[in-house]
Amino acid sequence: MDKEPSAATEQNLPDELIIEIIDMHKWFGEFHVLQGINLSVHKKERIVICGPSGSGKSTLIRCINRLEEHQRGRIVVDGIELTSNIKNIEKIRAEVGMVFQHFNLFPHLSIIENLTLGPIWVRKVPKKEAEENAMYYLEKVHIAEQAKKYPGQLSGGQQQRVAIARSLCMNPKVMLFDEPTSALDPEMIKEVLDVMIELAQEGMTMIVVTHEMGFAKSVAHRVLFMDFGQIVEGNTPEEFFENPQHDRTKLFLSQILH
Amino acid sequence: MANMTQPSRSEEIKPPVVHVGAIGWIKNNLFNNWFNSLLTVVTIFFLLKIVPPFIRWAFIDSVWNAPSQACRHATGACWSIIPHNYRFIIFGFFPYNLQWRPLLAMIILFVLLFFSQNRNHWKKSLAYTWITGLFIMGLLLKGGLFGLASVDSTQWGGLVLTLLLSVFGLTAAYPLGVVLALGRQSKMPAVRTLCVVYIEMIRGVPLISLLFMASIIFPLFLPEGVTINKILRAQAAIILFTAAYIAEVVRGGLQAMARGQYEAAESMGLNYYQTMRLIILPQALKIVIPPTVSILISAFKDTSLVVIIALYDLLKTTQTVLSDPRWLGYSREAYIFVAIIYFLGCFSMSNYSRKLEKELSRGD
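Everything in this summary refers to the structure shown in the same document. If you're wondering where the values come from, they're calculated on a predicted model, not measured in any experiment.

What counts as what
Residues numbered from 1 in each chain as written. Chains lettered and ligands numbered in written order. Predicted model: local features only at pLDDT ≥ 70, side-chain atom pairs only at ≥ 80, totals over all residues. Heavy atoms only, no water. Buried < 20%, exposed > 50% of the residue type's maximum accessible area, 1.4 Å probe, protein only. Helix = DSSP H or I, 4+ residues; strand = E, 2+ residues; numbered from the N terminus. Pairing = 2+ DSSP bridges. Axes fitted to C-alpha atoms, helices over the stretch in contact; angles between N-to-C directions. Parallel < 35°, antiparallel > 145°, perpendicular 65-115°, else oblique. Left-handed = near helix turned anticlockwise from the far one by under 90°. Contact = heavy atoms within 4.5 Å. Nonpolar A, V, L, I, M, F, W, Y, C, P; charged D, E, K, R; others polar. Buried area = accessible area lost by both parts, 1.4 Å probe. Salt bridge = Lys/Arg side-chain N within 4 Å of Asp/Glu carboxyl O. Polar contact = N/O pair within 3.5 Å; in protein donor to acceptor, adjacent residues only side chain to side chain. Core = buried A, V, L, I, M, F, W, Y, C linked by side-chain atoms within 4.5 Å. Expected span 1.5 Å × (residues − 1). Arc of directions from axis to C-beta. Phe/Tyr/Trp six-rings, centres within 6.5 Å; stacked < 30°, edge-to-face > 60°. Lys NZ or Arg CZ within 6 Å of the ring centre and 35° of its normal. Disulfide = S-S within 2.5 Å.

### Section: the pairing of strand 6 (residues 96–99) of chain A
Residues and elements named next belong to chain A. Alternating residues of strand 6 divide into Val96 and Met98 and Gly97 and Val99, and every residue in both groups is buried. When strand 6 meets strand 7 (residues 174–178), the two strands line up parallel, connected through four bridges. Bridge assignment links Met98 to a residue of strand 7, and that residue is Leu176.

### Here's the deal with the packing of helix 3 (residues 111–121) of chain A against helix 4 (residues 127–140) of chain A
Residue and element names in this part refer to chain A. Remark: helix 3 packs on helix 4, axes separated minimally by 9 Å, with the N-to-C direction vectors making an angle of 125°. Taken together, helix 3 and helix 4 sit at an angle that is classed as oblique. Between helix 3 and helix 4 lies a crossing whose hand is right-handed. Along its contact with helix 3, which presents Ile111, Ile112, Leu115, Thr116, Pro119 and Ile120, the element helix 4 presents Lys127, Ala130, Glu131, Ala134, Met135 and Leu138. Among the residues making up the contact of helix 3 with helix 4, the classes are represented as nine nonpolar, one polar and two charged.

### Digging into the sheet that holds strand 9 (residues 222–227) of chain A
Residue and element names in this part refer to chain A. Taken in spatial order, the six strands make up an open sheet running 6-7-8-3-9-10, and their pairing is mixed. Where the open sheet ends on each side, the last strands, each with one partner, are strand 6 and strand 10 (230–235). Along the sheet, successive strands turn relative to each other by an average axial angle of 20°, direction set aside. Here helix 6 (residues 186–201) sits on the sheet in contact with strand 3 (46–50), strand 7 and strand 8 (205–209), set at roughly 150° to strand 8.

### Details of the interface of chain B and chain A
The interface is formed by 20 residues belonging to chain B together with 25 residues belonging to chain A. Together, the buried faces of chain B and chain A total about 2000 Å²; carbon and sulfur atoms form 60% of this surface. At the junction of chain B with chain A, the criterion picks out two salt bridges. Among the ionic pairs, B:Glu263 bridges to A:Arg62, the shortest N-O distance being 2.6 Å.

### Remarks on the environment of B:Gln283
Tracing the backbone through its elements, the reader meets B:Gln283 in helix 12 (residues 272–287). As a C-alpha pair, B:Gln283 and B:Tyr335 span 52 residues in sequence and 40 Å in three-dimensional space. Beyond its immediate chain neighbours, meaning those up to four positions away, B:Gln283 contacts A:Pro107, A:His108, B:Met257 and B:Gln261. Polar side-chain contacts of B:Gln283 include one of 3.3 Å to the side chain of A:His108. Among the polar contacts made by the side chain of B:Gln283, one reaches the side chain of B:Gln261 at a distance of 2.9 Å.

### Quick look at the nonpolar core
If you look at the biggest cluster of nonpolar residues, it comprises 67 residues, and the most contacted ones within it are A:Ile19, A:Ile21, A:Ile49, B:Leu254 and B:Ile279. Membership of the second largest hydrophobic core comes to 57 residues, among which are B:Phe91, B:Trp156, B:Leu322 and B:Cys346.

### A closer look at helix 5 (residues 100–116) of chain B
Residue and element names in this part refer to chain B. An ideal rise of 1.5 Å per residue puts 24 Å on 17 residues; helix 5 measures up with 24 Å between its terminal C-alpha atoms. Taken together, the buried positions of helix 5 are occupied by Arg101, Pro102, Ala105, Met106, Leu109, Leu112 and Ser116. Within helix 5, the buried residues cover an arc of 135° as seen down the axis, which keeps them to one side. Opposite the buried face of helix 5, at more than 90 degrees from it, the exposed residues are Val111 and Phe114.

### Topic: the packing of helix 4 (residues 81–91) of chain B against helix 7 (residues 158–184) of chain B
Residue and element names in this part refer to chain B. At a minimum axis distance of 2 Å, the contact between helix 4 and helix 7 shows a crossing angle of 30°. In terms of axis orientation, helix 4 runs roughly parallel to helix 7. Within the contact between the two elements, helix 4 uses Ile89, Ile90 and Phe91 and helix 7 uses Gly158, Leu159 and Val160. Residues that form the contact of helix 4 with helix 7 fall into these classes: five nonpolar, one polar and no charged.

### Structural notes on the packing of aromatic side chains
Counted according to the given criterion, the structure contains 11 aromatic pairs over all chains. Their ring planes at 75° and their centres at 5.0 Å tell us that B:Phe88 and B:Phe93 sit as a pair that is edge-to-face. Taking relative accessible area as the criterion, B:Phe93 reaches 41% and is therefore assigned partly exposed. Taking 5.1 Å as the distance between ring centres and 50° as the angle between the ring planes, the aromatic pair formed by B:Phe241 and B:Tyr245 counts as tilted. Here B:Phe241 and its partner B:Tyr245 are both found in helix 10 (residues 230–255), four residues apart, which amounts to about one turn of the helix. Among the aromatic residues, ring-to-ring pairing joins B:Phe88, B:Phe93 and B:Tyr312 into one connected group. A cation over a ring is seen here: A:Lys217 above A:Phe241, with NZ or CZ 5.0 Å from the ring centre. Positioned over the ring face of B:Tyr312 is B:Lys316, at 5.7 Å from the centre of the ring.

### Details of the state of the cysteines
Residue and element names in this part refer to chain A. For the structure on display, the rule yields zero disulfides over all chains. For Cys50, which is in no disulfide, the shortest distance to another cysteine sulfur is to Cys63 and amounts to 19 Å. Its relative accessible area of 0% is what places Cys50 among the buried residues.

### Some details on the pattern of salt bridges
Residue and element names in this part refer to chain A. Per the stated rule, a full pass over the model turns up 25 salt bridges over all chains. Between Glu90 and Lys87 there is a salt bridge; the shortest N-O distance is 3.5 Å. With Glu90 and Lys87 both in helix 2 (residues 86–95) and three residues apart, this pair spans about one turn of that helix. As a salt-bridge pair, Arg161 and Glu191 come within 2.9 Å of each other at their nearest N and O atoms.

### Focus on the sheet that holds strand 1 (residues 17–28) of chain A
Each strand in a sheet pairs with its neighbour through backbone hydrogen bonds, running either in the same direction (parallel) or in the opposite one (antiparallel). Residue and element names in this part refer to chain A. Here we have four strands laid out as an open sheet, ordered 2-1-4-5, and antiparallel in their pairing. Looking at strand neighbours, the two that pair on one side only are strand 2 (31–42) and strand 5 (80–81), the edges of this open sheet. Note that strand 1 and strand 2 share nine bridges and pair antiparallel. In the strand pairing of strand 2, Met24 is matched with Ile37. Packed onto the sheet, helix 1 (residues 57–64) meets strand 1, strand 2 and strand 4 (72–77) and runs at close to 120° relative to strand 1.

Rendered as structure tokens:
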């Protein structure tokens, strides 16, 4: 499936915006980590963000579900503006799935309990239904046989796939991936990327921070390059890799693609 | 290396014989160098000096049930102090013919404790069972309803009082300590300051002074004619004191939690209460089981300090027996008996905590 990068070629996305970020700034103390971010994400759009470490890419997607608070500008997710209103934040978080670099599964709960926790407590789904749903998504990430185990008993790749399934169980409108393969052993990266590609083919809206350029080429509608807290350039994968506009982008690509 | 042979798969290579078996164990653990050999010899010498005389005193030359005069002629222990006084040691001044009531209350307590050991029984119904059980126990002690004669709480004492103070003290202090620990981590400055001040103030004074305050100073602030039961005041002091220590231990557990756990829970849309209850506390409290149990055990033993405000707990009733001229001088026997009771309580707590830890660590 990952041989034919068909997904990226169909560019006819719906007009509707799911995320709108307007002139957003953030400081860590004195450090100006995000300097005027403007980004509109359409429904079903898949965006890959890359850039050197410390460029603010993780902070950017963490602002989208308010794991980090922005200090200037506006972020609107699914029609709701992110403010300090805790009810709105919880509403947005329920609609936005997040996959972390270090998986962050709940080690004291079994895999199936990890998956049903959100639906049961946030969505108020009956337990039985939540479990059936969880099994469906575990099936999807090819790991259904591990349902009764605990996170500590699984490999890194399996844990990350569970983490993806856990987010999917909430039926999110957008999925954020924060370097999902960076903490994995090389032989496990593919199994996680395969799951993400399948997800992309089903039309999930995705924002992925990653250095996996093969993944970017095959599934992204747009690739963004960030440096020093700014989006330096963004383009279709073909244009981005064949014909980068900025020197910084060229330098970064030359370093990463050897 | 001349006789290097390929071991066949079926035959395993056995360790050298000097390292296994009883002799191997003794050699490895008791006589593995000159210093350990010396320690072993010295220890054996002292054990020989101490253990046989103790056994002779406690079991062979001892008097088990004879009246106190018979003890005067015996060279060994006079255990008969226990059978002749156990009802006072255990029930204190509770009216003699009504002592079946505190006995029944204690039996209910032990049955409930035993039943609650099993984690499969931890359901809502168990909480209701406990509430009902506590109500029945209180009724049995206090009386005054359903034709039970009323017994004033000043007559409560002995093991019954010790258990009362401990069970209520520990079960109320634990949740209060958890709340204080969460409060100390709160983002709201008022709540945080309040918790810090409380914890530091309570930890800054000895339990004895808290008990004094509860029994002597506190009543001065009450309007005339209003009295609050003395046991209740001591109970409150024990709860407030223990909770402060538990709070600090729990805070240690909270700080051990990785940031990612909070983030994963929050990014799912769980609110603060759900995040704490479902994700953070189950893990944090599990980490701090060993220090928590230490605090609970020491709180259990510290209930004996209520002696200083003239409550007759287990230790005080024992001392009272010893001041009886007939039993004067048999304090060793009496204190060994009390020590055994305390030990059983403490040991079962620590034993249970280890069992619980093992059960909860399935996931790791």
